[in-house]
Amino acid sequence: MFTAPKFNPKEWVKLFKKAGARYVMPVAEHHDGFQMYDSEISEWNVKNMAMKRDVLGELKEAIQEEGLVFCESNHRVEHAFFFGHGKEFDSDVKEPLKLGDFYYPSMPEPDNQDLFSPDPPQDFLEDWLARNVELVEKYQPSMVYFDWWIQHDSVKPYLKKFAAYYYNRGLEWGKEVAISYKHDAMMLGTGIFDMERGHFSNAKPFCWQADTSMAFNSWCYTEQNRFKTSKDILQDLVDIVSKNGCLLLNVGPKADGTICEEEVKLLEEIGGWMDVNGEAIYDTHPWRVQAEGSTEVVEGMFSEEGRKDFDSTDIRFTCKGDCIYVIPMKQEGEDIVVNCMGEDSKDFHAIITEFSVLGYEERPEYTREADKMIIHAPFVKSDKPVVYRIRIK
C-alpha cells in the first residue's frame with residue numbers, strides 16, 4: 001500500500017535548500033529491513049515493490065542538481081532483533097526463518113547496554129556488510145550514518161571492514177567521505193560522533209553532529225506529532241554550532257510522499273533566519289568562549305525533552321576570519337549584557353573596527369565596563385537568536 005503517489009524529490013530538495021541545508025541524508029534502510037533503493041541483494045526494496053521507483057537514487061540526483069552534498073543513513077543492523085517480539089503473539093513472524101526472509105533473524109530484543117550477547121547469525125552480519133558495500137558502490141555517498149548497535153562486539157569486525165573499504169573508495173573517488181556513529185562504536189577521530197536528541201555542554205576539539213527531529217515525539221509523520229517551533233530549532237542550531245557541531249534535522253514525510261504543512265512552514269522560517277544570519281553559522285569555528293548565561297544545557301543523548309527555554313542572558317559565540325559573532329538566544333529588552341567582553345576580560349582584547357547587528361541597517365551602540373560589555377539596541381526585539389557581528393583588527 002506504500003506507493004507515495006505525490007513523491008517529488010526535486011520539490012523536497014528545493015525546500016531543504018531553501019531552509020539552508022548544506023547536506024541531505026535520506027534513509028536508505030531503516031530497522032524494518034525495507035530498502036528504499038534499487039538493490040540486487042534483496043527483493044524487499046522500493047524499486048521491486050510498492051512505488052516501483054528508486055527513491056534514494058532519485059533523491060541523490062535532485063540533491064546534487066541543487067549543489068548539496070548527498071549522504072545516506074543505514075539502520076539495518078537493528079533489524080537483527082526488530083521483529084523479535086512478533087514471535088510472542090499470533091503473527092507471520094514464524095520459524096523457521098532464513099536469510100532472504102523479510103523478518104530474518106527476529107532475535108530476542110537485547111539489553112541495549114549488553115555489548116556481547118546475543119550474537120546475530122554470521123550470515124546476517126555478512127549480509128549487513130554486503131548491503132552497505134552495495135550502497136557505497138551504487139550511490140557513492142559522502143557520509144554514511146549508522147544508528148546504534150554497531151558498537152556490539154559481534155558487529156565490530158564487519159564495521160572495521162566496511163570503514164576500511166569505504167574510506168579507501170573515497171580516496172579512489174578523490175573526495176572526502178565520513179562515517180557517522182554513536183556511543184563508542186568507532187575510535188575517536190575515525191568518524192564523526194553523533195549525538196541523538198541531545199547536545200554537549202561545552203565545545204569539543206573534534207567535529208560532531210547532533211541529530212534530532214522536527215517533532216518532540218516522533219521521527220515520522222503522525223497525526224499526533226507535537227512539532228517544535230522554529231525558535232526551538234534555531235536556538236538548538238546556534239548552541240550546537242558554537243560547540244563545533246552541526247545539526248542533522250529530520251523531516252518525516254506523509255504516506256502520500258508530501259511534506260506536511262507544519263514542517264514546510266518550519267523549514268521556511270528556518271531558511272528565512274539563515275538568509276539573514278547564516279554567516280554566523282556556515283564555515284565558522286567556536287570562539288575561546290562558547291557560551292554564557294543562566295540556562296544550563298544538559299549534556300547527553302535523549303536529553304532534549306528536559307530542555308529549558310533560553311532567555312536573553314543566554315549568549316553563544318562563533319567566529320570566522322576577522323569577525324566574532326555574539327548571538328543572544330533571544331532579545332526581550334533594549335540591552336544585552338556580555339560578561340566575557342568587559343575591559344578587564346581575559347578573553348577579549350581586540351581592536352573593534354565594526355559593530356553591527358545582522359538584518360538591520362541601524363547600528364547598535366555598545367559600552368564596555370570593567371566586567372561586561374553592554375549592547376544597546378532598542379530597535380531589536382526577537383524570540384529567535386539575534387546575531388551581533390564584531391569585526392576586529
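A. How the structure looks around helix α1 (residues 9-18). Along α1, the residues classified as buried are Pro9, Trp12, Val13, Leu15 and Phe16. Within α1, the buried residues cover an arc of 155° as seen down the axis, which keeps them to one side. Among the exposed residues of α1, those oriented more than 90 degrees off its buried face are Glu11 and Lys14. Looking at the buried side of α1, the elements it contacts are β1 (23-24), α2 (55-65) and α7 (261-277). For α1, the capping residue at the N-terminal end is Asn8, with a side-chain oxygen 3.1 Å from the backbone nitrogen of Lys10. Once α1 finishes, Gly20 follows within two positions and takes phi at roughly 100°, a positive value.

B. Examining the nonpolar core more closely. Counting residues in each nonpolar core, the largest one holds 83 residues, and the members touching the most others are Trp128, Phe146, Ile150 and Phe162. It is helix α4 (residues 122-139) that contributes the most residues to this core, seven residues altogether. Apart from the residues lying within four places of it in its own chain, the contact partners of Ile150 are Val77, Trp128, Val155, Lys156, Leu159, Tyr181 and Ala185.

C. Seen up close, the sheet that holds strand β13 (residues 335-338). The strand order β13-β16-β15 describes an open sheet built from three strands, whose pairing is antiparallel. Each having just a single partner strand, β13 and β15 (365-369) make up the two edges of the open sheet. Adjacent strand axes in the sheet meet at a mean angle of 20° when their direction is disregarded.

D. Region of the structure containing the packing of α4 against helix α5 (residues 156-173). The geometry of α4 relative to α5 is characterised by a closest axis approach of 10 Å and an angle of 15° between their N-to-C directions. Overall, the two elements α4 and α5 adopt an arrangement that is roughly parallel. Helix-helix and strand crossings are classified by hand; for α4 and α5 the assignment is right-handed. In contact with Gln122, Leu125, Glu126, Trp128, Leu129, Asn132, Val133, Val136 and Glu137 of α4, α5 contributes Tyr158, Leu159, Lys161, Phe162, Tyr165, Tyr166, Arg169 and Trp173. Of the residues assigned to the contact of α4 with α5, the class counts are eleven nonpolar, two polar and four charged.

E. Structural context of the packing of helix α6 (residues 230-242) against α7. Running from N to C, α6 and α7 cross one another at 45°; their axes reach a closest spacing of 9 Å. Our classification of the angle between α6 and α7 gives oblique. The handedness of the crossing between α6 and α7 is right-handed. Across the interface between the two elements, Ser230, Ile233, Leu234, Leu237 and Val238 of α6 pack against Leu266, Glu269, Ile270, Trp273 and Met274 of α7. Its residues assigned to classes, the contact of α6 with α7 shows eight nonpolar, one polar and one charged.

F. Summary view of the packing of aromatic side chains. Following the criterion strictly, the structure yields 24 aromatic pairs and no others. For the ring pair Phe82 and Phe83, a centre distance of 5.4 Å and an interplane angle of 85° mean the geometry is edge-to-face. Seen from the ring of Trp219, Arg197 lies directly overhead, with NZ or CZ sitting 4.7 Å from the centre.

G. Spatial organisation of the sheet that holds strand β2 (residues 27-29). With parallel pairing, the seven strands of this open sheet are ordered in space as β2-β4-β5-β6-β7-β8-β9. Unpaired on one side and paired on the other, β2 and β9 (245-250) mark the two borders of the sheet. When the angles between neighbouring strand axes are averaged without regard to direction, this sheet yields 30°.

H. Spatial organisation of the pattern of salt bridges. If you walk through the whole model with that rule in mind, you get 33 salt bridges. Note that Arg53 and Glu58 form a salt bridge whose closest N and O atoms lie 2.6 Å from each other. Among the residues examined, Glu58 registers a relative accessible area of 24% and is labelled partly exposed. Close ionic contact of Glu369 with Lys372 constitutes a salt bridge, the shortest N to O distance being 3.0 Å. A single network of salt bridges, built from pairs that share partners, joins Lys231, Asp232, Asp309, Lys330 and Glu332.

Reading the values: rules and limits
Residues numbered from 1 in each chain as written. Predicted model: local features only at pLDDT ≥ 70, side-chain atom pairs only at ≥ 80, totals over all residues. Heavy atoms only, no water. Buried < 20%, exposed > 50% of the residue type's maximum accessible area, 1.4 Å probe, protein only. Helix = DSSP H or I, 4+ residues; strand = E, 2+ residues; numbered from the N terminus. Arc of directions from axis to C-beta. Contact = heavy atoms within 4.5 Å. Polar contact = N/O pair within 3.5 Å; in protein donor to acceptor, adjacent residues only side chain to side chain. Core = buried A, V, L, I, M, F, W, Y, C linked by side-chain atoms within 4.5 Å. Pairing = 2+ DSSP bridges. Axes fitted to C-alpha atoms, helices over the stretch in contact; angles between N-to-C directions. Parallel < 35°, antiparallel > 145°, perpendicular 65-115°, else oblique. Left-handed = near helix turned anticlockwise from the far one by under 90°. Nonpolar A, V, L, I, M, F, W, Y, C, P; charged D, E, K, R; others polar. Phe/Tyr/Trp six-rings, centres within 6.5 Å; stacked < 30°, edge-to-face > 60°. Lys NZ or Arg CZ within 6 Å of the ring centre and 35° of its normal. Salt bridge = Lys/Arg side-chain N within 4 Å of Asp/Glu carboxyl O.

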